[in-house]
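Spelled out, the chains give:
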Amino acid sequence: MSRIVAGRFDRSVDADAALDMLKRNGFMRDEVDAFYVGPPGQNARTPIGGDTHSDAGSASAGRYGAIGALIGFAVGLIIGSLIGMHAVLLACGLGALVGAFAGVMMSLHGGTRREATPEHPVESRGGRMIAVRVDRTGTEALAVAALRANNARDIGRTEGEWRDGWSDFDPRTPLATV
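The model shown is predicted, which means the values in this text are computed figures rather than measured ones. (Residues numbered from 1 in each chain as written. Predicted model: local features only at pLDDT ≥ 70, side-chain atom pairs only at ≥ 80, totals over all residues. Heavy atoms only, no water.)

**Q** I keep staring at the nonpolar core and nothing clicks. Help me out?
**A** Note that soluble globular proteins tend to have their nonpolar side chains buried in a common cluster. The biggest cluster of nonpolar side chains holds 16 residues, and the ones touching the most others in it are Phe9, Leu22, Ile130, Val132 and Leu147. Going through the elements one at a time, strand E1 (2–9), helix H1 (12–24), strand E3 (127–133) and helix H4 (139–149) are the ones with two or more residues in this core. It is H4 that contributes the most residues to this core, four residues altogether. Those residues in contact with Ile130 that sit more than four places away from it in its chain are Val5, Ala6, Gly7, Phe9, Ala15, Ala18, Leu19, Leu22, Val32, Asp33, Ala34 and Leu147. Core analysis: the next-biggest nonpolar cluster, separate from the first, contains nine residues, Val37, Met129, Trp166 and Phe169 among them. (Core = buried A, V, L, I, M, F, W, Y, C linked by side-chain atoms within 4.5 Å. Buried < 20%, exposed > 50% of the residue type's maximum accessible area, 1.4 Å probe, protein only. Helix = DSSP H or I, 4+ residues; strand = E, 2+ residues; numbered from the N terminus. Contact = heavy atoms within 4.5 Å.)

Rendered as structure tokens:
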């Protein structure tokens, strides 16, 4: 396992400048890996597409959908009873459907790191990423300085398999903050 420092870039100009600075600081080509990370949900990590089956912002959507369906069913029962006996089934079904939809939609939100779990991760935005193997003594500080000086965001460190670049990179796994 190799020690790795990585950062994401919004602009290719900044990433290119960081690569030049790393080269000037003495990093060899086999110690630096540059690649593109797709936006969340577009990295095809599950058999049917997407990255996960759900995320941190939707972890409680099922519970709120069931609550909304029950409330909608009750409202439909009341309204259907007022209209007439023949409309009760239709009103109950429609009320449950609308209630479930409203419950789910009200519970969805952007997930936070605090809410994240392996089953419900929070993914970072996409962009160009530069990863640097920092196994040599004193290279970690140089790599972090080069990434920061060129506007990298989400700079972090991790350990991973390094074979012709960072071979076991997973866009869903957050990096430890530097």
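**Q** Please explain the side chain of Asp14 as it appears in this structure.
**A** By the secondary structure assignment, Asp14 is in helix H1. Classification of Asp14 by relative accessible area gives buried; the value is 10%. A distance of 3.0 Å separates a polar atom in the side chain of Asp14 from a polar atom in the side chain of Arg11. For Asp14, the residues in contact, after removing those within four places along its chain, are Phe9, Asn150 and Asn151. (Polar contact = N/O pair within 3.5 Å; in protein donor to acceptor, adjacent residues only side chain to side chain.)

**Q** I keep staring at the pairing of E1 and nothing clicks. Help me out?
**A** It is a general feature of regular strands that their side chains alternate between the two faces of the sheet. Counted residue by residue, E1 has seven buried out of eight residues, so it is predominantly covered. In the sheet, E1 pairs with E3 via six bridges, with the strands oriented antiparallel. Looking across to E3, one finds that Ile4 is bridged to Arg133. (Pairing = 2+ DSSP bridges.)

**Q** Honestly, helix H3 (residues 88–107) in this entry has me stumped. Any pointers?
**A** Because each turn of an α-helix spans 3.6 residues, side chains separated by three or four positions end up pointing in the same direction. End to end, H3 covers 28 Å across 20 residues, agreeing with the expected 28 Å (1.5 Å per residue, within 8%). Within H3, burial applies to Val88, Ala91, Cys92, Gly95, Gly99, Gly103 and Ser107. Across the axial projection of H3, the buried residues extend over an arc of 100°, all falling on one side. In this structure, H3 carries Leu89, Leu90, Leu94, Leu97 and Phe101 as exposed residues pointing more than 90 degrees from its buried face. Of the surrounding elements, those touching the buried residues of H3 are helix H2 (61–83). (Expected span 1.5 Å × (residues − 1). Arc of directions from axis to C-beta.)

**Q** Would you take a moment to explain the pattern of salt bridges for this structure?
**A** Close approach of charged atoms allows side chains with opposite charge to pair. If you walk through the whole model with that rule in mind, you get nine salt bridges. Among the charged side chains, a network of salt bridges with common partners joins Arg3, Glu140 and Arg157. (Salt bridge = Lys/Arg side-chain N within 4 Å of Asp/Glu carboxyl O.)

**Q** In this structure, what is going on with the packing of aromatic side chains? I would like to understand it.
**A** By convention here, two paired aromatic rings are described through the distance between centres and the angle between planes. Applying the stated criterion across every chain yields a total of two aromatic pairs. Ring centres of Trp166 and Phe169 lie 4.9 Å apart, and the angle between their planes is 65°; this geometry places the pair in the edge-to-face category. Across the pair, exposure class does not vary: Trp166 and Phe169 are buried alike. Looking at Arg136, its charged tip hangs above the ring of Phe27, at a distance of 5.8 Å from the centre. (Phe/Tyr/Trp six-rings, centres within 6.5 Å; stacked < 30°, edge-to-face > 60°. Lys NZ or Arg CZ within 6 Å of the ring centre and 35° of its normal.)

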